[in-house]
Amino acid sequence: MSNFLLLRTDAQSTSSFVETAIAYAKLPNVSQIRLILTKRYVEGDILPVQDFSLIHNSPLMLMLIEISLPGIATPVQIVHDYPGLNVQRDNRELEVCNLLTRVLEIVPSKVVYGTQPVEPTAHMGVEEAAKVLRSSDYVQLTNENQSDLLRRMRGH
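What counts as what
- Residues numbered from 1 in each chain as written.
- Predicted model: local features only at pLDDT ≥ 70, side-chain atom pairs only at ≥ 80, totals over all residues.
- Heavy atoms only, no water.
- Phe/Tyr/Trp six-rings, centres within 6.5 Å; stacked < 30°, edge-to-face > 60°.
- Lys NZ or Arg CZ within 6 Å of the ring centre and 35° of its normal.
- Helix = DSSP H or I, 4+ residues; strand = E, 2+ residues; numbered from the N terminus.
- Contact = heavy atoms within 4.5 Å.
- Buried < 20%, exposed > 50% of the residue type's maximum accessible area, 1.4 Å probe, protein only.
- Axes fitted to C-alpha atoms, helices over the stretch in contact; angles between N-to-C directions.
- Parallel < 35°, antiparallel > 145°, perpendicular 65-115°, else oblique.
- Expected span 1.5 Å × (residues − 1).
- Arc of directions from axis to C-beta.

A. Spotlight on the packing of aromatic side chains. Counted by the stated rule, this structure contains 0 aromatic pairs. Taking the ring centre of Tyr-138 as reference, the NZ or CZ of Arg-34 above it sits at 5.0 Å.

This is the structure we're talking about:
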């Protein structure tokens, strides 16, 4: 049992993933946006699920968005984990940089990123996925440390 109402987005493309994340950042009651990276996978025999695209596209950036709704004591956490973002190609890196720039412009004090990678969560139930996404230690994202997050996404 969690202390949150849990929901999951249904983005079907990386551009939809970015648009949805920015839309949530614009909500007046957003409390926190957690950016978290998955582990980097380089061999098929260690994949957590049979998704061989993880070998070419990990680490992926996933999100957990917390919103406090008026008149509801329990905050909502939204798992935003599919399809995830990566920086493995130039156009994908531009999506990530655009997302980071925009959320820092909109809610600069409410964006954090995880310092320990997690397993991909899209194949999990929403409660388990939220628990995994909460499991990392988080630090405040700033314009100055965006490069650290990008470095981690590149697998360095």
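B. Seen up close, the side chain of Asn-145. Here Asn-145 lies in the loop between strand E6 (138–140) and helix H5 (146–153). When near neighbours in sequence (up to four residues on either side) are disregarded, Asn-145 contacts Tyr-113 and Gln-140.

C. Structural detail: H5. Taken together, the buried positions of H5 are occupied by Gln-146, Asp-148, Leu-149, Leu-150 and Met-153. Next to the buried residues of H5 lie strand E2 (30–37), strand E3 (61–67), strand E4 (76–85), helix H3 (90–106) and strand E5 (111–114). Immediately downstream of H5, the backbone of Gly-155 shows phi near 85 degrees, a positive value.

D. Geometry of the environment of Val-112. Relative to the helices and strands, Val-112 is located in strand E5. Its relative accessible area of 8% is what places Val-112 among the buried residues. Sequence spacing of Val-112 and Met-63 is 49 residues, and the spatial spacing of their C-alpha atoms is 10.0 Å. If near-sequence neighbours (up to four positions away) are discounted, Val-112 is found in contact with Gln-32, Ile-33, Arg-34, Leu-35, Tyr-138, Val-139, Gln-140 and Leu-141.

E. How the structure looks around the packing of helix H1 (residues 14–25) against H3. Following both chains from N to C, one finds H1 and H3 inclined at 5 degrees, their axes separated by 10 Å at the closest point. Our classification of the angle between H1 and H3 gives roughly parallel. Touching Thr-14, Ser-15, Val-18, Ala-21, Ile-22 and Ala-25 of H1 are Arg-92, Glu-95, Asn-98, Leu-99, Arg-102, Val-103 and Ile-106, all from H3.

F. Expanded view of H3. Taking 1.5 Å per residue as the helical rise, H3 with its 17 residues ought to reach 24 Å, and the 24 Å between its terminal C-alpha atoms agrees with that figure. Within H3 the residues assigned to the buried category are Glu-93, Glu-95, Val-96, Leu-99, Leu-100, Val-103 and Leu-104. Along H3, the residues classed as buried sweep out an arc of 155 degrees about the axis, all on the same side. Those residues of H3 that are exposed and aimed more than 90 degrees away from the buried face are Asp-90, Leu-94 and Glu-105. Residues of H3 that are buried make contact with H1, E2, E3, E4, E5 and H5.

By themselves, these observations are geometric and do not establish any function.
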